[in-house]
Amino acid sequence: MNHPRDFRLPGDDYDQWLRLCPIERFKSYLLSQSLSNEAELSRIDVEVAAEVEDAIQFAIESPYPAPEDLFADVLAPTTAPIEQEVGQ
Amino acid sequence: MRELSLRDAICEAMRQEMRRDPRVLLLGEDVGAFGGPLKTSRGLIDEFGSKRIIETPICEQTMVGMGVGAALMGYRPIVEVMFMDLMSLAMDQTVNHAAKMRYLSGGDVGVPMVIRTATGVGFGHGVHHSQSFESWFIHVPGLKVVMPITPYDAKGLLISAIRDPDPVLFLEHKRLYATKGLVPEEVYALPLNQAEIKREGADVTIVAYGLMVSSALAASEELAQEGISAEVIDLRSLSPLDRDTILGSVQKTGKVVITHEAWKIGGVGAEVSALIAEEALAYLDAPIQRVAAPHAHVPYSPKLEEVFLPNSVGIVQAVRAAVGAA
């Protein structure tokens with residue numbers, strides 16, 4: 001009961017929806033329209049996997065954030081005053 | 001009396017009310033065979049079937065809208081919205097329809113619906129699954145908001161919420177689902193508008209709700225060692241607020257610390273603070289103190305999550321400040 005196949009879409013429905021996977025369909029479209037090719041799509045897959053792997057390693061090797069990091073990036077840094085627009 | 005977890009007390013309340021009243025329905029994501037995303041509806045599909053335990057798509061606006069429609073047609077729907085963060089997607093149906101239908105119909109029809117949703121910082125769920133938005137809803141007339149923290153309160157308040165003629169937002173804290181406590185097997189209903197004094201005290205009132213009640217009780221133990229007697233109030237109902245219990249305690253102690261897990265700015269504590277300032281200022285011996293979340297997003301990092309979450313240390317410091325200022 002831990003796989004969606006078991007409780008969401010019993011029977012053939014699950015496999016039917018898998019065949020409608022939008023990523024797979026987009027890939028088919030790109031190939032059928034000659035907008036890309038298998039070699040290029042494979043290269044993108046490899047690049048993305050490497051980027052994710054690098055990010056995971058970076059996270060593992062980084063120290064935990066400091067308490068003051070709680071407030072980082074909530075708003076843009078306010079270094080310079082916003083220029084006032086002068087009306088007519 | 002047997003012990004139940006808060007999770008199972010919620011399930012029992014729904015089961016007993018569904019047995020009693022065929023109009024009661026449960027709608028939500030994976031509430032059927034999976035037993036609910038947070039395992040609060042285990043076994044209900046087997047007893048009540050898919051016409052009363054209704055699986056919905058991932059679309060909160062539609063889920064609450066289905067609940068509004070079912071309620072208008074005479075049903076008593078319980079809509080489970082997995083996390084309170086996702087209530088942002090259901091605001092129109094909740095605020096502009098469920099809350100206003102009685103008023104707009106000149107009192108002809110109401111929306112006897114319960115929206116159950118899980119709130120709060122949990123287990124490193126990150127920015128989109130950890131928030132506490134209860135102050136959005138206490139701001140709106142036509143809604144009731146309750147947040148039980150014990151299995152006993154959860155069962156009694158959920159039964160009342162299901163029977164209530166108006167929409168009730170029923171908040172369940174993620175970290176409390178496994179909490180165990182004594183729960184009667186029989187059906188009972190608790191009033192939706194009453195706070196509970198969890199600990200009597202004479203020197204300071206700590207007003208809390210949700211996860212912060214246990215922190216307030218831990219703080220009061222520590223303060224007792226210092227000879228400070230703290231009274232701890234669990235609000236239980238956030239809308240309406242139990243004015244009598246809050247003001248009565250403040251009149252007795254003259255010092256107040258308000259604590260919650262939600263952001264301090266614009267939080268429920270701001271309303272409680274204003275209520276005390278308006279109604280009991282003459283009784284105050286010291287400025288009101290609030291212990292709540294900093295104005296930052298709930299961080300994903302477990303280390304930072306603990307920094308974000310208010311705790312008993314902060315409550316103890318606030319009480320010392322209040323008592324010292326008196």
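What you see is a predicted model, and the numbers here were worked out from it, not measured in a lab.

(A) Main features of the environment of B:Gly248. Residue placement: B:Gly248 occurs in helix 9 (residues 243–253). Judged by relative accessible area, which is 35%, B:Gly248 ranks as partly exposed.

(B) The interface of chain A and chain B, seen in detail. With 12 residues of chain A in contact, the opposing surface of chain B contributes 14 residues. Run the count over chain A and chain B and you get 0 salt bridges. Run the count over chain A and chain B and you get 0 residue pairs in polar contact (both at pLDDT 80 or more). Within the side of chain A that touches chain B, the residues separate by chemical class into 9 nonpolar, 1 polar and 2 charged.

(C) Expanded view of the side chain of B:Ser130. Mapped onto the elements of the fold, B:Ser130 is located in the loop between strand 5 (114–119) and helix 6 (134–138). With near-sequence residues (within four places) excluded, B:Ser130 lies in contact with B:Asp85, B:Gly120, B:Val121, B:His125, B:Lys174, B:Glu261, B:Val298 and B:Glu305.

(D) Seen up close, the pattern of salt bridges. Residue and element names in this part refer to chain B. Evaluation of the coordinates by the stated rule reveals 29 salt bridges over all chains. A salt bridge links Glu 17 to Arg 163; the shortest N-O distance between them is 2.8 Å. Taken together, the residues Glu 17 in helix 1 (residues 6–20) and Arg 163 in helix 7 (residues 151–163) connect sequence positions 146 residues apart. A residue is classified by how much of its surface remains accessible, and Glu 17, at 0% relative accessible area, is buried. Glu 196 is paired through a salt bridge with Lys 198; the nearest N and O atoms lie 3.6 Å apart. Here the salt bridges share partners, and the residues they tie into one network are Glu 17, Arg 20, Asp 21, Arg 23 and Arg 163.

(E) View of the sheet that holds strand 6 (residues 144–146) of chain B. All names here are of chain B. Taken together, the 7 strands give an open sheet; going across it, the order is 3-2-4-5-7-6-12, and neighbouring strands pair in mixed fashion. Edge strands, defined here as strands with exactly one partner in the open sheet, are strand 3 (53–55) and strand 12 (237–239). Taken pair by pair, the neighbouring strands of this sheet meet at an average axis angle of 20°, ignoring direction. Pairing of strand 4 (residues 76–83) with strand 5 involves 5 bridges; the strand directions are parallel.

(F) Focus on the environment of A:Arg5. One can find A:Arg5 in helix 1 (residues 4–7). Spatially, the C-alpha atoms of A:Arg5 and A:Asp15 are 8.8 Å apart, while their sequence positions differ by 10 residues.

(G) Fine view of empty space enclosed by the protein. All names here are of chain B. Taken as a whole and judged by the stated rule, the model has 2 cavities of 30 Å³ or more. Approximately 40 Å³ is the volume found for the largest cavity. Per-element accounting of the lining of the largest cavity gives the leading share, 3 residues, to strand 13 (residues 256–263). Across the lining of the largest cavity, the residue classes break down as 5 nonpolar, 3 polar and 1 charged. As a volume, the second largest cavity reaches approximately 30 Å³. Considering the residues around the second largest cavity, the lining is formed by Thr 119, Ser 132, Glu 134, Met 147, His 173, Tyr 209, Gly 210, Leu 211 and Glu 261.

(H) Expanded view of the nonpolar core. Membership of the largest hydrophobic core comes to 107 residues, with the highest contact counts inside it found for B:Leu235, B:Val272 and B:Ile276. The biggest single contributor to this core is helix 1 of chain B, with 7 residues.

(I) Structural detail: the packing of aromatic side chains. For the coordinates displayed, the defined rule picks out 4 aromatic pairs over all chains. Between B:Phe133 and B:Trp263, the ring centres sit 6.0 Å apart and the planes meet at 45°, which makes this aromatic pair tilted. Here B:Phe133, found in the loop between strand 5 and helix 6, pairs with B:Trp263, found in strand 13; they are 130 residues apart in sequence, far enough to count as distant. Taking 4.8 Å as the distance between ring centres and 15° as the angle between the ring planes, the aromatic pair formed by B:Tyr152 and B:Tyr188 counts as stacked. Here B:Tyr188 lies in the loop between strand 8 (180–183) and strand 9 (196–199) and B:Tyr152 lies in helix 7, a separation of 36 residues in the sequence. Taking relative accessible area as the criterion, B:Tyr152 reaches 34% and is therefore assigned partly exposed. Positioned above the aromatic ring of B:Phe34, the side-chain terminus of B:Lys39 is 3.7 Å from the ring centre. In this arrangement the basic side chain of B:Lys303 is found over the ring face of A:Tyr64, its NZ or CZ atom lying 4.9 Å from the centre.

Criteria and cut-off values
- Residue positions are counted from 1 within each chain, in the order its sequence is given.
- Here the convention is simple: chains get letters from A, ligands get numbers from 1, in the order in which they are written.
- At least 70 in pLDDT is required for a residue's local features to be given in this predicted model, at least 80 for side-chain atom pairs to be given and counted, and no such filter applies to totals for whole chains, interfaces and linings, which use all residues.
- Excluded from the side-chain calculation are hydrogens and water; included are all heavy atoms of the structure.
- Note on conventions: DSSP H or I runs of at least 4 residues are helices, E runs of at least 2 residues are strands, and numbering of each starts at the N terminus.
- Each residue is assigned to one of three classes by its accessible area relative to the maximum for its type, calculated with a 1.4 Å probe on protein chains only: buried under 20%, partly exposed between the two thresholds, exposed over 50%.
- Any pair of residues with heavy atoms lying within 4.5 Å of one another is described as a contacting pair.
- Within this document, salt bridges are pairs made up of a side-chain nitrogen of Lys or Arg and a carboxyl oxygen of Asp or Glu, the two lying within 4 Å of each other.
- For this analysis, a polar contact is any N or O atom pair within 3.5 Å, provided that within protein one partner can donate a hydrogen and the other can accept it, and provided that sequence-adjacent residues contribute only side-chain to side-chain pairs.
- Charged residues are taken to be Asp, Glu, Lys and Arg, nonpolar residues to be Ala, Val, Leu, Ile, Met, Phe, Trp, Tyr, Cys and Pro, and polar residues to be all remaining types, Gly included.
- In this scheme, strands are said to pair when DSSP sees at least two bridges between them.
- Interaxial angles span 0 to 180 degrees and are taken between N-to-C directions of axes, which are lines fitted to C-alpha atoms, for helices over the stretch in contact.
- Site definitions follow a grid-based scheme: protein atoms alone, a 1 Å grid, a 1.4 Å probe that fits but cannot get out for cavities, and for pockets an open set with protein on both sides within 12 Å along at least five of seven lines, plus lining residues having an atom within 4 Å of a point.
- Grid points are joined across faces, edges and corners, and a volume is the space filled by probe spheres set on the points.
- To form a nonpolar core, buried Ala, Val, Leu, Ile, Met, Phe, Trp, Tyr and Cys residues must be joined to one another through side-chain atoms within 4.5 Å.
- For this analysis, a ring pair means two rings from Phe, Tyr or Trp (six-membered ring only for Trp) whose centres lie within 6.5 Å, classed as stacked if their planes differ by under 30 degrees, edge-to-face if by over 60, and tilted for the remaining angles.
- Only lysine NZ and arginine CZ atoms are considered, and such an atom sits over a ring when it is within 6 Å of the ring centre and within 35 degrees of the ring normal.

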